[in-house]
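Geometric and topological summary
Listed below are the residues making up each chain.
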Amino acid sequence: MAEDTPKKKGLALHWQILIGIGLGIVAGIVLCKITPYENWYKYIKWAGDIFLRGLRMIVIPLVFTSIALGVAGMGNSAALGRIAGKTIIYYIGTTLIAAVIGLTLVNLVRPGVGASLNLTEEVRTVNAQNVSFIDQIVNIVPANIFEAMAKGDLLPIIFFAVIFGLFMNKVEIKYSETLKNLFTAIYEVIMKITMFIIRLAPFGVFAIVTNVVGKQADDPQALLAMAGSLGVFVLVVWGGLLIQGGVVLPLLVRVLGKQNPWRHISKMSTGILTAFSTCSSGAALPINIRDSQEKCGISNKIASFVLPLGSTINMNGTALYECVAAIFIAQAYGIDLTLVQQIMIVFTALLAAIGAAGIPMAGMVMLAIVLSAVGLPLEGIGMVLAVEQICDMPRTCINSYGDTCGAVIIAHSEGEELTI
Ligand code: ASP
């Protein structure tokens, strides 16, 4: 696949994306001030929508073929069991660390104490699906794989792909070879399409950011909210994410993965910036799969198992956010939480992060579950809605980066030679 790597002409892609973000901010503010049309941003949004839809278009075939091939390539189920075990331990471990960091910071800074509640927005937009833990487990087995694919439910698709890959090795060799060839061919074509879509990222990101900034730049209430205790809340979220993404995860890459964390971040920067600007770990997934293999030398069998799974269940940033937001809301309502209730919040935040989809605002929807678990008022969600976008961007970035760190650590533990 070496010939697929984009030729380095001019500026590297991550710089182009950064410029797209910067220009998007400027365009959002300037256009908001000079255009006489209300809702002008809709006319720019389409370019971002095409980019996002393009990424979503390739996720299902990419995940299905790459997991089935990866699992079939593992040969025996002992290897698969070992890798799956390590992956789950890594994901749960790092998500818990993130949640505890959030809990600690929000208790130290106490941004919600004395917060004014008159910024409450309508909560109607947030529909919490109260799915129990047992239901979440049962739903992993798809009753209809085509329905799961049509709905884009990644966990059931991953489950079916793993089973398919396992049983691909159990049929006559002529059939398993045919299937492997077919899946490899589809995978290669999808990767080519991925490369094509990724080249459009700077334009897509520009349109998305212009739209987001443009919508908010004229909203004095949102700006006012940012200045007060919500501003401190945002700082606590960003601070916690910075500790997780700038200290904890790099340390794990260094200590457990034996790699240079900063070189790893630089190699994964396209995916990280895509997650940041699109607020969707699902959108960054195809890019992460490609860069983990091509730039970091991680094998297909690990990248295609660890990353798709991570994009749906490993959400360090979301867990941290859930903890900070739930306790912020309790503080704002003057509710004193006991230690047991705070520990409950950590565990529900973990489950909420596992259950959240890799799409924008999913964490906000799951916040309702965390709040109801400890009996906090659901209306509290209205308080943090105003700053949802600027919390979603960095937490998605950490969600996605955490997956790529997992891939490095697990590849190293399996004795792979990495090229970071
Ligand atoms: N937007 C996040 C993601 O895609 C999920 C969330 O809202 O926390 O990873």
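All of the points below concern the structure found in this document. Predicted, not measured: the structure shown is a model, and the values here were computed from it.

A short note on the nonpolar core
One finds Phe233, Ile298, Tyr321, Ile345, Leu367, Leu376 and Val384 to be the most contacted residues of the largest nonpolar core, which totals 120 residues. Within the second largest apolar cluster, 5 residues are counted, among which are Trp40, Tyr41, Ile44 and Ala207.

Topic: helix H8 (residues 201–217)
Counted at 1.5 Å a residue, the expected span for H8 with its 17 residues is 24 Å, and the 23 Å between its end C-alpha atoms agrees. The element H8 is largely enclosed, with a buried count of 12 among its 17 residues. Of the positions making up H8, those classed as buried are Ala201, Pro202, Gly204, Val205, Ala207, Ile208, Val209, Thr210, Asn211, Val212, Val213 and Gly214.

Comments concerning the packing of aromatic side chains
Using the criterion set out here, one finds 9 aromatic pairs in the structure. Relative to Phe276, the ring of Trp238 has its centre 6.5 Å away and its plane inclined at 80 degrees; by these criteria the two rings are edge-to-face. Highlighted residues: Trp238 in helix H10 (residues 229–255) and Phe276 in helix H12 (residues 269–278), separated in sequence by 38 residues. For Trp238, a relative accessible area of 35% corresponds to the partly exposed category.

Digging into the site of the ligand
Around the ligand sit 16 residues, and of these Ser281, Thr318, Gly363, Asp392 and Arg395 come closest. In the environment of the ligand, an oxygen atom lies 2.7 Å from a nitrogen or oxygen atom belonging to the backbone of Gly363. Residue Asp392 places a side-chain N or O atom 2.8 Å away from a nitrogen atom belonging to the ligand. Notes on the ligand: free accessible area 270 Å², of which the protein chains cover 100%. Counting only elements with at least two residues in the shell around the ligand, the list comes to helix H17 (362–373) and helix H19 (388–413). Partitioning the shell around the ligand into residue classes produces 7 nonpolar, 7 polar and 2 charged.

Regarding the packing of helix H1 (residues 13–34) against H8
At a closest axis distance of 7 Å, the pairing of H1 and H8 adopts a crossing angle of 30 degrees. As judged from the angle between their axes, H1 and H8 are roughly parallel. As H1 packs across H8, the resulting crossing turns out to be right-handed. Split by residue class, the contact of H1 with H8 holds 16 nonpolar, 6 polar and 1 charged.

Side note on unusual backbone geometry
One non-glycine residue with positive phi stands out, namely Lys258, at about 55 degrees. You can see Lys258 is positioned in the loop between H10 and helix H11 (261–267). Here the phi dihedral of Cys279 falls at roughly 60 degrees; this positive angle occurs in a residue that is not glycine. Residue placement: Cys279 occurs in the loop between H12 and helix H13 (281–294).

Some words on the environment of Leu108
Within the secondary structure, Leu108 sits in helix H3 (residues 77–109). Through-space distance from the C-alpha of Leu108 to that of Val236 is 9.7 Å; in sequence the pair is 128 residues apart.

Comments concerning the pattern of salt bridges
Summed over all chains, the structure comprises 9 salt bridges. Close ionic contact of Asp49 with Lys45 constitutes a salt bridge, the shortest N to O distance being 3.2 Å. Here the residue Asp49 and the residue Lys45 both occupy positions in helix H2 (residues 42–74), the gap between them amounting to 4 residues, near one helical turn. Here Asp49 falls in the partly exposed class, since its relative accessible area comes to 31%. Residue classification places Lys45 among the partly exposed positions, given a relative accessible area of 33%. One salt bridge in this structure joins Glu172 and Lys174, with 3.8 Å as the shortest N-O distance.

What counts as what
- Residues numbered from 1 in each chain as written.
- Predicted model: local features only at pLDDT ≥ 70, side-chain atom pairs only at ≥ 80, totals over all residues.
- Heavy atoms only, no water.
- Core = buried A, V, L, I, M, F, W, Y, C linked by side-chain atoms within 4.5 Å.
- Buried < 20%, exposed > 50% of the residue type's maximum accessible area, 1.4 Å probe, protein only.
- Helix = DSSP H or I, 4+ residues; strand = E, 2+ residues; numbered from the N terminus.
- Expected span 1.5 Å × (residues − 1).
- Phe/Tyr/Trp six-rings, centres within 6.5 Å; stacked < 30°, edge-to-face > 60°.
- Near = heavy atom within 4 Å.
- Polar contact = N/O pair within 3.5 Å; in protein donor to acceptor, adjacent residues only side chain to side chain.
- Areas by Shrake-Rupley, 256 points an atom, 1.4 Å probe, with all protein chains shown as cover.
- Nonpolar A, V, L, I, M, F, W, Y, C, P; charged D, E, K, R; others polar.
- Axes fitted to C-alpha atoms, helices over the stretch in contact; angles between N-to-C directions.
- Parallel < 35°, antiparallel > 145°, perpendicular 65-115°, else oblique.
- Left-handed = near helix turned anticlockwise from the far one by under 90°.
- Salt bridge = Lys/Arg side-chain N within 4 Å of Asp/Glu carboxyl O.

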